[in-house]
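Residues per chain are reported as follows:
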Amino acid sequence: LKENYIEATHALIEGGADILLIETVFDTLNCKAAIFAVKEVFKQLGRELPLMISGTITDASGRTLSGQTAEAFLTSLSHVPLLSIGLNCALGADQLRPYVQTLAQKAPFAISAHPNAGLPNAFGDYDQGPAEMRDLIRDYLDRQIINVIGGCCGTTPEHIKALAELAQQYEPRKMELLA
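All figures in this text were calculated on a predicted structure; none of them were measured in a lab. Sequence order sets the numbering: in each chain, residues are counted from 1 along the sequence as written. For this predicted model, a pLDDT threshold of at least 70 governs which residues receive local features, and a threshold of 80 or more governs which side-chain atom pairs are given and counted, while totals over whole chains, interfaces and linings are taken from all residues. The side-chain numbers reported here are obtained from all heavy atoms of the structure, hydrogens and water having been left aside.

Chemist: Just give me the short version of the packing of helix α4 (residues 93-106) against helix α5 (residues 130-142), but keep the residues and values in it.
Modeler: Close contact between α4 and α5 brings their axes to 9 Å; oriented N to C, the two are set at 15 degrees. Between α4 and α5, the crossing angle belongs to the class labelled roughly parallel. With respect to the hand of their crossing, α4 and α5 are arranged in right-handed fashion. Together, Ala93, Asp94, Leu96, Arg97 and Val100 of α4 and Leu136, Ile137, Asp139 and Tyr140 of α5 make up the contact between the two elements. Here the axes come from fitting lines to C-alpha atoms, over the contacting stretch only for helices, and the angles between their N-to-C directions go from 0 to 180 degrees. Secondary structure elements follow DSSP: runs of H or I of four or more residues count as helices, runs of E of two or more count as strands, with numbering from the N terminus. Note on terminology: angles under 35 degrees are roughly parallel, angles over 145 are roughly antiparallel, angles of 65 to 115 are roughly perpendicular, and the others are oblique. Handedness of a helix crossing follows the sense of rotation of the near helix relative to the far helix, less than a right angle counterclockwise being left-handed and clockwise being right-handed. The contact criterion used is simple: two residues touch if any of their non-hydrogen atoms lie within 4.5 Å.

The structure is reproduced here in structure tokens:
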């Protein structure tokens, strides 16, 4: 696993990546293998890029596939110097918000959220349009729980444009750094 992450990290950096995002994390042991590989590549290259991590809460239980709560996910990765930690995939913006809020209350890092455009319908399609997703994300911004917003499954360039236009109307979440 580490070797695969090393190969992918080299390719991303050689391809011109500005930031690395380890995302859709459902098991922090896998994530730690990715972090180890990324750090090894940084050492080999003699330079580092900002690192983001995004986990996945799989359902209304509020847990990752391996059983961690959002708070446990954060705790297990809080030793890593990160640009951001967040959540993506599996849930729409309305279902994901409480777990993102948990991270925002406890994390010394920036918070990211990349929800799906709602939940898939019976055909596996996502019915939530850009305006509806934008209106749900407004709650995140009103509560000041995110620094980075994007989309995952079912989102389109129109969704991202609507979110970007909305986000421009707000100040980013203020981070209280731990002493």
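This is not the end of the story, as more comes after the structure.
Chemist: Please set out a negative patch on the surface residue by residue, giving values where relevant.
Modeler: Like charges within 9 Å and nonpolar side chains (Val, Leu, Ile, Met, Phe, Trp, Tyr) within 5 Å are joined into patches, using only residues over 30% in relative accessible area that form no salt bridge. Note on areas: Shrake-Rupley with a 1.4 Å probe; residue coverage comes only from the protein chains shown. Note on definitions: salt bridges are taken to be side-chain nitrogens of Lys or Arg within 4 Å of carboxyl oxygens of Asp or Glu. Only four residue types enter the charge count: Lys and Arg as positive, Asp and Glu as negative, with His and the chain ends excluded. By convention, the charge on Lys lies at NZ, on Arg at CZ, on Asp at CG and on Glu at CD. A surface patch of negative charge is lined by Asp94, Asp125, Asp127 and Glu132. The topology assignment puts Asp94 in helix α4. The exposure class assigned to Asp94 is partly exposed, which follows from its relative accessible area of 41%. Accessibility here uses a 1.4 Å probe with only protein chains present; expressed as a share of the type maximum, an area under 20% marks a residue as buried, one over 50% as exposed, and anything in between as partly exposed.

Chemist: Describe the layout of surface pockets, listing the residues and the values that go with them.
Modeler: Taken as a whole, the largest pocket holds about 250 Å³ of empty space. In the cavity and pocket records, a cavity denotes points on a 1 Å grid over the protein atoms alone where a 1.4 Å probe fits but cannot get out, a pocket denotes an open set with protein on both sides within 12 Å along at least 5 of 7 lines, and lining residues are residues with an atom within 4 Å of a point. As for the largest pocket, its lining consists of 16 residues, of which Tyr5, Leu21, Ile22, Glu23 and Ala34 are closest to the centre. Mapped onto the lining of the largest pocket, the elements with two or more residues apiece are α1 (2-14), β1 (20-25) and α2 (28-45). Counting residues per element, the lining of the largest pocket draws most heavily on β1, at six residues. Here the lining of the largest pocket is composed, by residue class, of eleven nonpolar, three polar and two charged. Grid points are joined across faces, edges and corners, and a volume is the space filled by probe spheres set on the points. In the scheme used here, Gly and all other residues not listed as nonpolar or charged are polar, with Ala, Val, Leu, Ile, Met, Phe, Trp, Tyr, Cys and Pro taken as nonpolar and Asp, Glu, Lys and Arg as charged.

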